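Each chain, letter by letter, is given below.
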Amino acid sequence: MSLATQLEETLNSFVGSLSEQAQQTVGQSMQQLMESNVADNAINVGSNAPDFTLPSTQGDAVKLSELLAKGPVVISFFRGGWCPFCNLEFKALMDKLPEIEACNATLVTISPETMENSKATVEKFSLTYTVLSDVGNVIAKEYGLLMTVSEDMRPLYLEWGIDVPTANGDDTYELPVPATYIIGNDGVVKYAYINKNYTSRMEPEEIIEKLKEC
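Residues numbered from 1 in each chain as written. Predicted model: local features only at pLDDT ≥ 70, side-chain atom pairs only at ≥ 80, totals over all residues. Heavy atoms only, no water.

Caption draft 1: Main features of the sheet that holds strand S3 (residues 73-77). Reading across the sheet, the five strands line up as S5-S4-S3-S8-S9 and stay open at both edges, with mixed pairing between neighbours. In this open sheet, the two edge strands, each paired with only one partner strand, are strand S5 (130-133) and strand S9 (189-194). Sheet twist, expressed as the mean angle between neighbouring strand axes with direction ignored, is 20 degrees. Relative to S5, strand S4 (residues 106-111) is paired through four bridges, and the arrangement is parallel. Its bridge partner being in S5, Ile 110 is matched across the sheet by Leu 132. Packing of helix H4 (residues 84-102) onto the sheet brings it into contact with S3, S4 and strand S8 (179-183), and relative to S4 it is tilted by some 160 degrees. (Pairing = 2+ DSSP bridges. Helix = DSSP H or I, 4+ residues; strand = E, 2+ residues; numbered from the N terminus. Axes fitted to C-alpha atoms, helices over the stretch in contact; angles between N-to-C directions. Contact = heavy atoms within 4.5 Å.)

Okay, structure coming up:
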């Protein structure tokens, strides 16, 4: 089953479980997000990927330029381990990790979760690829991917057991727009999947196809 199919089924099941009022709030929030200028100026194909150094859950500092010296890098920005759509992406990427690495590429994922919560995400989903903690969304901002959870949605998040401020260690309710970048070892973005609709993600099979073109 494709990742897109899994995401759609999860979305339909989730929305179907909500009250009519909650469905309306979610729908209005998504419409506002899609009509906004969020991520309109995000780093895209042909741009030089901003270098960064971020801490990994393994305790080391990971520098993008050092990874690029070894080959292409796949970067996936995700919202957090609390996001059901991110959870599906985690598994899909894990399933295809050997094929990604066979392309001489390194996969790294980035979220604004605190280091403690990032480690919990890694353990919960048995992730073996590199997970980086971008507290304060510093790198997400640099890549032009920043969005803010609307005030109408915040009570619903809490009702669903999602505490974004606790997960991220701040009170901004800022999150990255989920995005996948394929960066060549020359530091140039070769492919970018950026979608304000956070229920959609890039298919891992497509990542592998694009890597083979690098």
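What follows picks up the thread again.
Caption draft 2: Summary view of the nonpolar core. Counting residues in each nonpolar core, the largest one holds 71 residues, and the members touching the most others are Ile 75, Tyr 143 and Tyr 181. With eight residues, the top contributor of residues to this core is H4. Look past the residues within four positions of Tyr 143 in its chain and what remains in contact with it is Ala 42, Ile 43, Ala 49, Pro 50, Phe 52, Leu 64, Ile 75, Phe 77, Tyr 181 and Ile 183. (Core = buried A, V, L, I, M, F, W, Y, C linked by side-chain atoms within 4.5 Å. Buried < 20%, exposed > 50% of the residue type's maximum accessible area, 1.4 Å probe, protein only.)

Caption draft 3: Spotlight on the packing of aromatic side chains. The final tally for this structure, using the stated rule, is nine aromatic pairs. Between the aromatic rings of Phe 77 and Tyr 143, the centroid separation amounts to 5.4 Å while the plane-to-plane angle is 50 degrees, which identifies the pairing as tilted. Taken together, the residues span a long stretch of sequence, with Phe 77 in strand S3 and Tyr 143 in the loop between helix H6 (138-142) and strand S6 (146-148) at a distance of 66 residues. A relative accessible area of 0% places Tyr 143 in the buried class. Members of the aromatic cluster, connected to one another through ring pairs, are Phe 14, Trp 82, Tyr 157 and Trp 160. Lying over the aromatic face of Tyr 198, Arg 79 brings its terminal NZ or CZ to 4.0 Å of the ring centre. (Phe/Tyr/Trp six-rings, centres within 6.5 Å; stacked < 30°, edge-to-face > 60°. Lys NZ or Arg CZ within 6 Å of the ring centre and 35° of its normal.)

Caption draft 4: Looking closely at the environment of Asn 168. Within the fold, Asn 168 resides in helix H8 (residues 164-168). C-alpha separation for the pair Asn 168 and Arg 79, spaced 89 residues apart in sequence, amounts to 9.8 Å.

Caption draft 5: Structural detail: the pattern of salt bridges. Applying the stated rule across the entire model yields seven salt bridges. Note that Glu 99 and Lys 96 form a salt bridge whose closest N and O atoms lie 3.3 Å from each other. One end of the pair, Glu 99, and the other, Lys 96, are both in helix H4, three residues apart, so they sit about a helical turn from each other. Residue class for Glu 99 comes out partly exposed when judged on its relative accessible area of 38%. We note a salt bridge from Glu 205 to Lys 96, for which the minimum N-O separation is 3.8 Å. (Salt bridge = Lys/Arg side-chain N within 4 Å of Asp/Glu carboxyl O.)

Caption draft 6: Highlighting unusual backbone geometry. The backbone of Asn 104 sits at a positive phi, close to 65 degrees, despite the residue not being glycine. Tracing the chain through its elements places Asn 104 in the loop between H4 and S4.

Caption draft 7: Up close: helix H2 (residues 20-35). The end-to-end C-alpha distance of H2, which contains 16 residues, comes to 23 Å, matching closely the 22 Å that a straight helix rising 1.5 Å per residue would cover. All of the buried residues in H2 are Ala 22, Thr 25, Val 26, Ser 29, Met 30 and Leu 33. One side of H2 holds all its buried residues, which, seen down the axis, span an arc of 125 degrees. In H2, the exposed positions angled more than 90 degrees off the buried face are occupied by Glu 20, Gln 21 and Glu 35. (Expected span 1.5 Å × (residues − 1). Arc of directions from axis to C-beta.)

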